[in-house]
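Per-entry structural report
So you can see what is in the structure, the chains are spelled out below.
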Amino acid sequence: MNLFLFTKSFPFGKGETFLESEINVLSNNFKEVHIFPWDRELIQRKIPSNCIIHSLTFNETKGLKSIIINNLFLLVRTILLDIKSNINRKALLRPKAYFNDLIRALFEGQELKRYINKNFNDTNALLYTYWFSHWTVLLSFIKEKNQSLVTRSHGYDFNLERNNIGYFPFRPIAYKKISCNYNVSSFGSNYLKRIHHSEKEKIRVSYLGVQNQSILSKHRSNVLVSCSNVISLKRNALIVDVLKEMTEEIHWVHFGEGELLNDLKIKCKELPSNIKVTLKGHLKNSEIIEWYKNNEYNSFIHLSESEGLPVSMMEAQSFGMPIIACKVGGVGEIVNEVTGYLLPKNFTIDEAINGIKKVMKFSQEKRINIQKEQQKTFSAEKNFNDFAIEIKKI
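Residues numbered from 1 in each chain as written. Predicted model: local features only at pLDDT ≥ 70, side-chain atom pairs only at ≥ 80, totals over all residues. Heavy atoms only, no water.

**Some thoughts on the overall build of the chain**
Just so we agree on the cut-off: Each helix corresponds to a stretch of at least 4 residues labelled H or I by DSSP, and each strand to a stretch of at least 2 residues labelled E; elements are numbered beginning at the N terminus. Taken over C-alpha atoms, the radius of gyration is set against a globule rule of 2.2 Å times the number of residues to the power 0.38. The rule is simple: take the accessible area with a 1.4 Å probe, protein chains only, and divide by the maximum for that residue type; under 20% is buried, over 50% is exposed, in between is partly exposed. Each accessible area value is a Shrake-Rupley result obtained with a 1.4 Å probe; residue values ignore everything except the protein chains displayed when judging cover.
Of the regular secondary structure elements, the chain holds 14 helices and 13 strands. For 394 residues, the compact-globule estimate of 2.2 N^0.38 gives 21 Å, and the C-alpha radius of gyration of the chain, at 23 Å, lies within 12% of that figure. Projecting the C-alpha coordinates of the chain onto the three principal axes gives extents of approximately 70 × 45 × 40 Å. Burial analysis of the chain (394 residues in total) assigns 54% to the buried set. In the form shown here, the chain has an accessible surface area of approximately 18400 Å², with 49% of it arising from carbon and sulfur atoms.

**Some details on helix H8 (residues 236-243)**
Spacing of three or four residues puts side chains on the same side of an α-helix, whose turn is 3.6 residues. Rules: Comment: arc refers to directions from the helix axis out to C-beta atoms. We call two residues in contact when some of their heavy atoms are within 4.5 Å.
What H8 keeps buried is the set Asn236, Ile239, Val240, Val242 and Leu243. The buried residues of H8 occupy an angular sector of 165° when projected down its axis, which confines them to one face. Structurally, H8 contributes buried residues whose contacts are with strand E8 (223-227), strand E9 (250-255), helix H9 (261-268), strand E10 (275-281), strand E11 (299-302) and helix H12 (349-360).

**Looking at helix H10 (residues 285-294)**
Turning to H10, its buried residues number three or more, namely Asn285, Ile288, Ile289, Trp291 and Tyr292. Buried residues along H10 cover an arc of 155° about the axis, so they all sit on one side. Against helix H1 (19-29), E8, E9, E10, E11 and helix H11 (311-318) lie the buried residues of H10.

**Some remarks on the pattern of salt bridges**
Pairing between side chains becomes possible if they bear opposite charge and their charged atoms approach one another. Quick note on the threshold: By convention in these notes, a salt bridge is any Lys or Arg side-chain nitrogen within 4 Å of a carboxyl oxygen on Asp or Glu.
Going through the model one piece at a time under the given rule, you end up with 16 salt bridges. Close ionic contact of glutamate 111 with arginine 114 constitutes a salt bridge, the shortest N to O distance being 2.6 Å. Linking glutamate 111 with arginine 114, this pair stays in helix H4 (residues 95-119), spanning three residues, or about one helical turn. A residue is classified by how much of its surface remains accessible, and glutamate 111, at 18% relative accessible area, is buried. Here lysine 267 makes a salt bridge to glutamate 270, at a shortest N to O gap of 3.7 Å. Using a relative accessible area of 40% as the deciding quantity, one classes glutamate 270 as partly exposed. Taken together, the salt bridges that share partners define one network made up of Asp241, Lys244, Lys267 and Glu270.

**What about the sheet that holds strand E12 (residues 323-326)?**
To keep it simple, the criterion reads: When DSSP finds two or more bridges between a pair of strands, those strands are recorded as paired. With axes taken as lines fitted to C-alpha atoms, and helix axes fitted only over the stretch in contact, angles between N-to-C directions fall between 0 and 180 degrees.
Strand order across the open sheet formed by six strands is E10-E9-E8-E11-E12-E13, with parallel pairing between neighbours. Of all the strands in the sheet, just E10 and strand E13 (340-343) have a single pairing partner and so form its edges. The mean angle between the axes of side-by-side strands here comes to 20°, regardless of whether they run parallel or antiparallel. Of the pairings in the sheet, the one linking E11 to E12 comprises three bridges and is parallel in character. Across the sheet, the residue bridging to phenylalanine 300 is isoleucine 323, located in E12. With respect to the sheet, H8 is in contact with E8, E9, E10 and E11, its orientation differing from that of E9 by roughly 175°.

All quantities given are derived from atomic positions and should not be read as evidence of function.
Take a look at the structure:
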């Protein structure tokens, strides 16, 4: 069986680093993996030999009359399902924009189908969208009746609190057509079941995972690590606010870049002399892992205001690092009293200082237990193999 994998940009660019492990498992479980990235950038990462990249460019919408005639039933059904939906009904308050978006999606679906029919004879290939995204909508429009369509959902692609228009376009019709939606956390799965109650049997949990490690963090180290994009959602500046009030000698090392990196550099100048800062910027995922292997560090900090279930935390745990983080999204599924310290979303500086002090005192025995928790729950080899085997049966 072949797999058609639809991504945001992978294997191009810097994002979707968690796919770097999963793609190896998928390539071992499927004859061929055909990758369709929505965006194509200059940098390409290494992929297995049986993975083939496809590049699609959608032209300007044309043939409005034929689009409507050829897709009349689907068009009407999509509109009726959106009207029926308490969430998506609001999309029709902007009828012109709604209709234009729907026609555009139907057109892109036709273009995608034309490309697939031209290049493949395999109508039984499994369709897998890595995000519950526009790809999922297009595929729900064109998939064959005997074809399975599965999708993952992570955070921004299902959480309405992170959606600035208050709904996800054409999501009701997509749910009717998909075989299964695998969320990366129990939090996300339960959230979706409440919103899409009639489709709850299609919503499941499938944790991501990371490679198991044998090296442990050091409780004697004073290095505090963080790893995320430097954007407002991640609240990196709050780490500075907390460290500014600490009297202990701490070396904070941050991996990641983003639109607020320069602001963060300026803010770090406020820190007292007992706090050392190293902003590493963007590194490849493999380079971060090598840094973990070859340096001493104590704990991991993450103060984001919204999350799915961060792979960066799994990587930290694979080295036995205790984590201090806010209880948002699925974070409570990886951080607990055994593995670290949970803060409320709107924590006080004193609460954060107390948490940092506590996790940095975790004994080596506790760090071994953290590593065991990761290997039990967030092992890439186990989780991705289980996932591949399950979707092949759908």
